[in-house]
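The primary structure of each chain is shown beneath.
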Amino acid sequence: MLSAAAVDELCVNTLRFLSVDAVQQANSGHPGLPLGAAPMAYVLWTRFLKHHPVNPHWFDRDRFVLSAGHGSALLYSLLHLTGYDLPLEQLQHFRQWGSITPGHPERGLTPGVEVTTGPLGQGFGNGVGMAMAEANLAARYNRDGFDMVDHFTYGIVSDGDLMEGVASEAASLAGHLQLGKLIYLYDDNNVTLSAGTDITFTEDRARRFDAYGWHTQSVEDGNDLAAIERALCAARAETRRPSLILVSTHLGYGSPNKQDTFEAHGSPLGVEELRLTKRNLGWPEDPPFYIPQPARLHFLEVADRGEKAEAEWLDKFSAYEKQFPELALELQQRMRSGMTAVPAGWDQDIPQFPADVKGMATRVASGKVMNAIAPHFPALIGGSADLDPSTHTALKGLGDFEPSGVNARDRQGSNGGGWSYAGSNLHFGVREHAMGAIMNGMAAHGGAVPFGATFLIFSDYMRPSIRLAALMGLHVVYAFTHDSIALGEDGSTHQPVEQLASLRAVPRLVVIRPADANETASAWRVAVETCDRPVALVLTRQNVPTLDRTQFAAADGLQRGAYILADAPNSKPELILIASGSEVALIVAAQQQLLTQNVQARIVSMPSWELFDGQSQEYRDMVLPPSIGARLAVEAGVAQGWHRYVGDRGDVIAVDHFGASAAGEVVMREYGFTVENVCRRAVALLHS
């Protein structure tokens with residue numbers, strides 16, 4: 001009979017060598033982190049983490065984020081050993097074609113993986129978002145004796161994570177928000193991919209996080225399981241500050257020749273060095289992927305505890321349903337995924353906007369639509385990067401997500417709804433990158449459909465998080481305003497030209513640039529109902545006419561990506577004018593001018609390439625008949641990509657250079673966005 005200490009040591013080494021054997025067999029990967037961080041991962045996963053491996057989607061589970069995603073082999077070993085549906089064969093096919101054990105963790109591929117991590121710092125921000133989602137749901141739905149949402153968010157972070165700016169942004173916000181149920185174990189090993197941290201990273205990390213408002217502790221020996229446990233207990237007891245536990249570890253622990261060197265970071269140890277490492281730590285050199293029976297049995301106790309925890313929660317939820325039926329129904333709705341999470345009647349108050357030549361900015365229309373949706377869709381939660389007055393994304397009367405207590409006592413929320421974690425308005429500060437990563441964490445947590453707003457030009461600051469949202473298929477919505485050179489006097493630094501093309505290049509991201517207020521309303525319908533990928537709404541600063549839909553096609557044509565807004569009066573077009581967003585009004589005017597020249601033109605509004613490309617070939621050919629080669633696209637951004645729609649005989653009026661500081665109408669005129677220029681270029685196509 002082994003002692004408890006002996007079982008612990010056996011389990012830690014099982015984690016180490018399952019991971020390192022996987023790396024060696026693949027001849028690719030990162031052995032250093034699993035060797036050094038296995039003790040802290042073992043303590044967390046077997047003594048603290050509340051989860052049910054048989055049901056990875058149990059809603060009240062603790063969340064775990066491996067922000068240091070290069071250490072994925074350690075996570076896969078934890079998942080396999082604790083009873084997730086991850087057979088040993090998958091570890092043996094680590095990083096191979098067709099396996100569910102890729103080089104970095106991927107949400108939706110491997111059971112138990114909460115978020116896709118790898119780009120350093122992203123997981124750090126995701127965890128902040130998860131903790132925010134938990135706090136919001138708990139504040140809204142928990143009642144005395146019924147803590148239906150009550151879990152922690154844990155993570156393992158690395159030196160590289162803490163160096164990345166996105167982590168700094170997210171850490172600053174987390175400290176302000178007093179997210180006491182967020183706990184990170186920092187694998188403080190002083191080594192990065194190319195060298196020791198002494199050449200780039202010598203700040204006092206504990207004092208830095210103290211300044212952010214975090215609770216910090218240090219564990220001097222990363223192999224001291226008792227010290228790690230004490231630190232985790234203390235972190236859980238700290239309710240008003242997020243926690244960072246700095247655990248001093250040795251990268252590549254146990255490797256006689258590579259421990260504490262960057263050589264152990266991102267390359268297999270090698271057959272001989274692995275043999276020496278196993279010998280050094282008293283582990284059998286053969287066979288690989290060895291799992292001692294006492295270790296296997298001990299790890300599987302986690303599944304038994306998880307089953308019991310979920311059963312107790314389900315019993316409590318049954319009682320909660322009887323006492324608070326309306327709350328329970330709403331919470332159940334939010335715990336679901338996909339369209340089943342969208343409540344009936346969510347769109348009942350979406351306005352229809354009357355025709356108006358002056359019109360309104362689509363950012364203003366978006367704000368009106370959001371405020372019509374939000375009271376019927378409690379999962380909608382979000383905010384802007386300190387730009388609410390400009391992006392029009394404040395949800396009126398629904399409160400601000402802020403900590404209660406001393407810092408917010410007797411203060412009124414900026415939107416008239418008060419301060420509480422139950423508030424629907426998030427204030428990200430001037431932190432676009434953190435906003436993107438936090439939104440991903442909230443969506444991955446479940447129970448929230450987050451939105452984030454900033455100027456389109458600053459989508460560049462969010463791009464890594466946007467890409468990961470698309471990779472994970474998360475239901476997040478971006479509201480990007482000030483969408484073109486027409487924003488005017490702020491000049492070329494703030495006038496986006498390449499950003500639309502950049503966003504359209506992201507696989508699975510739906511980009512929608514609506515033409516007027518009613519197309520904006522339709523765009524929000526798409527954003528709410530598109531549950532398996534992110535949606536970016538691209539909105540104007542300037543007013544655009546609200547089209548008379550008795551004269552033009554209905555705005556719900558937006559849902560197909562492109563539609564015939566108005567055909568040639570004789571229904572025999574010789575030319576097609578195509579535009580998105582604010583330039584649709586321009587081609588409407590150009591169509592009328594062309595009629596005076598006896599040119600019959602069809603007008604096509606094309607707010608979303610992605611939605612249009614998803615239509616049948618028959619529909620696409622109906623909107624853009626192959627027989628009509630004279631096509632002119634008009635958009636105040638770079639021309640890149642438009643030639644796939646205008647073809648070899650077509651042309652594009654675009655902005656393939658930076659903007660200028662002047663009134664928006666002046667910049668547009670000087671750059672050729674006039675009725676006269678559209679007509680001239682259109683007629684030239686007919687004679688080419």
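Cut-offs and rules
Residues numbered from 1 in each chain as written. Predicted model: local features only at pLDDT ≥ 70, side-chain atom pairs only at ≥ 80, totals over all residues. Heavy atoms only, no water. UniProt positions renumbered as here; feature names shortened; annotations may be inferred. Helix = DSSP H or I, 4+ residues; strand = E, 2+ residues; numbered from the N terminus. Rg over C-alpha atoms; globule rule 2.2 N^0.38 Å. Buried < 20%, exposed > 50% of the residue type's maximum accessible area, 1.4 Å probe, protein only. Contact = heavy atoms within 4.5 Å. Areas by Shrake-Rupley, 256 points an atom, 1.4 Å probe, with all protein chains shown as cover. 1 Å grid on protein atoms, 1.4 Å probe; cavity = no way out; pocket = protein on both sides within 12 Å on 5 of 7 lines; lining within 4 Å. Points joined across faces, edges and corners; volume = space filled by probe spheres on them. Nonpolar A, V, L, I, M, F, W, Y, C, P; charged D, E, K, R; others polar.

Looking at an unreviewed UniProt entry, the chain carries the name Transketolase, with the source organism given as Undibacterium arcticum. The Sequence similarities (unreviewed entry) comment attached to the chain in UniProt states, word for word, "Belongs to the transketolase family." The record held by UniProt for the chain lists under Catalytic activity (unreviewed entry) the comment "D-sedoheptulose 7-phosphate + D-glyceraldehyde 3-phosphate = aldehydo-D-ribose 5-phosphate + D-xylulose 5-phosphate".

K.L.:
Tell me about the overall build of the chain, and please be specific about residues and values.
P.N.:
Across its full length, the chain holds 24 helices and 20 strands. The C-alpha atoms of the chain give 28 Å as radius of gyration, which agrees with the globular expectation for 688 residues (26 Å, within 12%). Taken along its principal axes, the extent of the C-alpha atoms in the chain is 95 × 60 × 45 Å. Scored against the burial criterion, the 688 residues of the chain give a buried share of 61%. Of all intrachain contacts in the chain linking residues separated by at least 6 positions in sequence, the fraction that spans at least 24 positions is 75%. Accessible area for the chain stands at about 25800 Å²; split by element, carbon and sulfur atoms hold 50% of it.

K.L.:
With reference to specific residues and values, describe the environment of Ala385.
P.N.:
Looking at where Ala385 falls in the secondary structure, it is placed in the loop between strand S7 (380–384) and helix H14 (388–391). Taking the relative accessible area as the measure of exposure, Ala385 reaches 3% and is therefore buried. It is 5.8 Å that separates the C-alpha atoms of Ala385 and Thr454, two residues lying 69 residues apart in sequence. Not counting residues within four places of it along the chain, the set of residues in contact with Ala385 comprises Phe428, Gly429, Val430, Arg431, Glu432, Met435, Ala453 and Thr454.

K.L.:
Tell me what's going on with the layout of surface pockets, and back it up with residues and numbers.
P.N.:
A volume near 830 Å³ is recorded for the largest pocket. What lines the largest pocket is a set of 39 residues, among which His57, Arg107, Ser337, Ala444 and Gly446 lie closest to the centre. Of all the secondary-structure elements, those providing two or more residues to the lining of the largest pocket are helix H11 (293–323), helix H12 (325–335) and helix H15 (432–445). Taken together, the residues of the lining of the largest pocket break down into 20 nonpolar, 12 polar and 7 charged. Estimated volume of the second largest pocket: approximately 380 Å³.

K.L.:
Hey, could you go over empty space enclosed by the protein for me, with residue numbers and the actual values?
P.N.:
Counted under the stated rule, the structure contains 3 cavities of 30 Å³ or more. Put simply, the largest cavity is a space of about 150 Å³. In this structure, the largest cavity is lined by 18 residues; those nearest its centre are Trp45, Phe64, Gly112, Val113 and Glu114. Broken down by element, the residue count for the lining of the largest cavity peaks at 4 residues, all from strand S1 (residues 63–66). The class makeup of the residues in the lining of the largest cavity is 11 nonpolar, 3 polar and 4 charged.

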